[in-house]
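Residues per chain, in single letters:
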Amino acid sequence: MFIAEHLRKSKIATQLVVWFLLIALLPLTIVSYVLSQSSENALTKVITDNLFAITERQVHQIEEYFREKEREVLTLSRIPAVSTVMEHWDQAPGKSKGNGAERATMDEGISAFLQFYQETSRYEDVLLISPEGTILFSVKSRADGDATSQLSLTRSAELARAFDRAKTLLGTAISDFEYNPETQESAAFIAAPVLKEGNFVGVVALQMSTREVYEVVNDYTGLGATGETFLATRKVTEVVFTTPPRHDPQGAMRRKIPIEDNAATPTQEAARGRKGSGITVDYRGKEVLAAWQYLATLGNGMVVKIDTDEAFAPIARLKALSGVIGVTTLFFVVFAALFVARSIADPIVKLTGVTELIAGGDLTQQATIAAKNEIGLLATSFNTMTRQLNESINNLRETTAAKERIESELKIAHDIQLSILPKIFPPFPTRSEFALHATIESAREVGGDFYDFFLIDDNHLWLAIGDVSGKGVPASLFMAATKTLLRAIAGRISQPEAILAELNNELCRDNDSGMFVTIFHGILHIPSGKLEYSNGGHNLPYVLSQHGTVAPLENPGGMALGVIESATYRAKTVRLRAGDGLFLYTDGVTEAMDSAGNLFSERRLQGVLQRANGLSPAETIQNVVSEVKRFAAGTEQSDDITTLAITYRGTNTTDEATMSEPTSVLFKNNLAEIERLGQVVAEFVESHQLPAGLTFAVNVALEEILTNIISYGYTDNKEQDILIRLSCTEGEVIAEVEDNGRPFNPLEVAEPDTSKPLEDRSVGGLGIHLARKLMDELAYRRQEGKNLLVLKKRIPAVSSPDGR
Amino acid sequence: MEMTKEKRGPIVILAVKGRLDASTSNKLEESLLASIEAGEKQFALDFSRLDYISSAGLRVLLLAMKKLTNAEGKLVLCSLQEQIKEVFDIAGFSSLFPLFTSPE
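Residues numbered from 1 in each chain as written. Chains lettered and ligands numbered in written order. Predicted model: local features only at pLDDT ≥ 70, side-chain atom pairs only at ≥ 80, totals over all residues.

### Quick notes on unusual backbone geometry
Apart from glycine, the bulk of residues carry a negative phi angle, and the bulk of peptide bonds sit in the trans form.
Next, step 1: For the peptide bond that leads from Phe425(A) to Pro426(A), omega is -5 degrees, which places it in the cis range.
Next, step 2: Even without glycine at this site, Glu784(A) takes up a positive phi of about 50 degrees.
Next, step 3: When you line up the elements, Glu784(A) lands in the loop between strand 26 (777–783) and strand 27 (786–794).
Next, step 4: Look at Glu72(B): it is not a glycine, yet its phi comes out positive at around 60 degrees.
Next, step 5: Positionally, Glu72(B) belongs in the loop between helix 2 (55–70) and strand 4 (74–78). (Helix = DSSP H or I, 4+ residues; strand = E, 2+ residues; numbered from the N terminus.)

This is how it looks when you write it as structure tokens:
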């Protein structure tokens, strides 16, 4: 049923209905109850009053009737003819005293009169009774043709009693009703004494018409359909109904109730002479509203009663009416409640449904609620809220997607950035002269640290470490550019300070961002272990000697790159012995902070490096990094931790074969190459462990030759290669210079006169002169379009171990 | 090659550090000529940190010396290292230039 369905759907609906019902029905019930109670009481009072009135009326009526009967009998008793007859009546029945004829006339006259009287009245019989108690005359027996002598008082007890009382009291007397089983009739008498001149001469009695009595008593007006009045009399152990009750028309004189019976209280009470009223159970066993009293004149109790069913029928009707109204109201209330509940709860249920959908993730839902009340407003606000929420979420989604895109691109950038650093370790497994390792521990954001290294040639290793200012994408881009440039320049220029200078210029050139980078880099001459390095504002690496001492490299000076174009850079050298190591790092190591704000510092780093004496580069780095991480545990890493470590093992076998292998180097026909020549010579001498004095002589000699070739060997501006070969055998250093320039024999150049005075001196030929003088032997030949010059110098026998 | 210039009274003291070779000598040449043009007459070159010299360097010194002598100026060299001195000897420059052991 749709009510139940509705109630199931909505708690609010249920609540509303319940409360509606309570609110409507409770007062209604109370009111109805109160009303019905008061109505009931009022009605009861009315009915009871009514009953009493009826009772009064009945009493009055009955008494009035019997008084009338008394008057009649009295009147009759005072008729002179009657008294005269009775006086003169002889014992002989039907005969009066006196003379026969008068007597006969009088007899006839009285008889006729009495007969006439009886016929015209309702009396059953008129009787004349002698003082002795003999019935002298009876109309009934006369009519029956009976002889009066057959009548006697013995036949009717009640008549006898009435006679007695009338005779004794000399007043009217009413007898009880008596029942004759033969005739099945009851009779009652009223008697009055007859007096003639004060003498009691007899009694005149009238047999009352019981029918008439019944009529009087059974006046049911105002007693509805069930109400009745009746008389009852007590006969020792029983109460006998004198008049027929309405419900038992044949019950007169026949219906009896034992006196001690609990039933028929009113009847019993009345018969016992008591007066009362109330609701009791009658002789039928039905509940009645009754009033009863004793009529002394009759010697009977009278009961006026009406069934409560009938009496209180109006009340019952009222109750029924209330009930009907109540139920109807109930229905209306329920429907109204449901209707209202529906109009309130439906939008709420709908809204709840929409809310659930939205909570489930569908933000496009809108509540369509037509209610004009606060719920409608709620729905409207709700819709607005949902729309805005939807918008916000969409915005958030877009923003998050954008952010994720950026983050993924940042990650890719970071990966690319890291990928341009050499990552394969060991990087040069075939080279036993050194071991190298490097790591970069990135901070969360892309950073600007880098390291780099490559073998410029078989004998030279370039390595570098750098730190770009700042963090994030700009720093990483700058780092990528810097690293790339640096490597390119390092491949082209050999002096570390010059490399930095050039890089600096490049970085300054288009540097709008104001970014700068600190760099340390150096070139290791592998055969000799000599490191030539230059620095741009970076923290100097530590030299880890094989004996366990840790000391930073000497600072050649030089500021960070990218700051100012005219910055100058210097180079320094350090000689690494076999077993020595170098440790390069960025400030991510020393400036790592612990949770209390303390810095890791150089001091701690030195400690770790000292303790790492003898470990491989990879192990050393691992120690440092784990120490830093342990130190900074609990804090977020803010900067890249970059390290590069190299251990120089040296050229462990002085292989005669490799030693004697010539070093061949190509030079361009460019005076700038002179600088490189110097380096090459110096390295050669060092790596062959030749006395350092040789360097000077060989260098000058070769420089002069090379300068000549560069300056005078070519007529065009083309780039040309000049080969210089250095070798060392049997105590001799041999330098060979091979070029494809104009045929030129330096030995043919005239020696200058070194004794000339200043003003006459010129520089010409001085160079060749120096070369010839510094070297022991010079030999020239022209071969296959090339000039070939061979210079030799003997290696001095005595040399100091260090050579310096 | 690095140069540091100092003036003590009327004398310009030029300390040359590094190498004076074909690629670096013109720097010295420029500096000296500029000073001479500016009117400086007395020069002392401190060669205590000079590691290397070739004919290119010698040429610059010769040129400067000639110019100063013409202008009645003076050029002295100080604190030559052994090998530098050797070159001077070979080139016959030791007699052309007053050589001192210290700038004093």
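### Quick look at the confidence of the model for chain A
All names here are of chain A.
Next, step 1: For chain A, mean pLDDT is 82; residues scoring 70 or higher make up 92% of the total.
Next, step 2: Under a pLDDT of 50 for its full length, residues 146–151 has, in the predicted model, 13 contacts with residues more than four places off or in other chains.
Next, step 3: When the criterion is pLDDT under 50, residues 799–804 qualifies, and its contacts beyond four places in sequence or with other chains add up to four contacts. (pLDDT = per-residue confidence, 0-100. Contact = placed C-beta atoms within 7 Å.)

### Some thoughts on the interface of chain B and chain A
Next, step 1: On the side of chain A, 22 residues touch chain B, which itself brings 20 residues to the contact.
Next, step 2: The element best represented in the side of chain B that touches chain A is helix 2 of chain B, accounting for eight residues.
Next, step 3: Its residues placed into classes, the side of chain B that touches chain A shows ten nonpolar, six polar and four charged. (Nonpolar A, V, L, I, M, F, W, Y, C, P; charged D, E, K, R; others polar.)

### Here we look at the sheet that holds strand 19 (residues 550–552) of chain A
All names here are of chain A.
Next, step 1: Taken in spatial order, the five strands make up an open sheet running 13-22-21-18-19, and their pairing is antiparallel. The outermost strands of the open sheet, each flanked by one partner alone, are strand 13 (434–441) and strand 19. Geometrically, the sheet is characterised by an average inter-axis angle of 20 degrees between neighbouring strands, direction not taken into account.
Next, step 2: Strands strand 18 (542–544), strand 19 and strand 21 (581–585) of the sheet are contacted by helix 15 (residues 601–611), whose axis makes an angle of about 135 degrees with strand 19. (Pairing = 2+ DSSP bridges. Axes fitted to C-alpha atoms, helices over the stretch in contact; angles between N-to-C directions.)

### Focus: helix 1 (residues 25–37) of chain B
Residues and elements named next belong to chain B.
Next, step 1: Taking 1.5 Å as the rise per residue, helix 1 with 13 residues should run 18 Å; its terminal C-alpha atoms sit 18 Å apart, in good agreement.
Next, step 2: By the burial criterion, the buried members of helix 1 are Ser25, Leu28, Leu32 and Ile36. Take helix 1 and look down its axis: the buried residues cluster within an arc of 60 degrees, on one side only. Structural note: helix 1 exposes Glu30, Ala34 and Glu37 on the side pointing more than 90 degrees away from its buried face.
Next, step 3: Looking at the buried positions of helix 1, the neighbouring elements they touch are strand 1 (2–8), strand 2 (11–20) and helix 2.
Next, step 4: Looking one or two residues past helix 1, Gly39 carries a phi angle of roughly 110 degrees, positive in sign. (Expected span 1.5 Å × (residues − 1). Buried ≥ 20, exposed ≤ 12 C-beta atoms within 10 Å, placed from the backbone. Arc of directions from axis to C-beta.)

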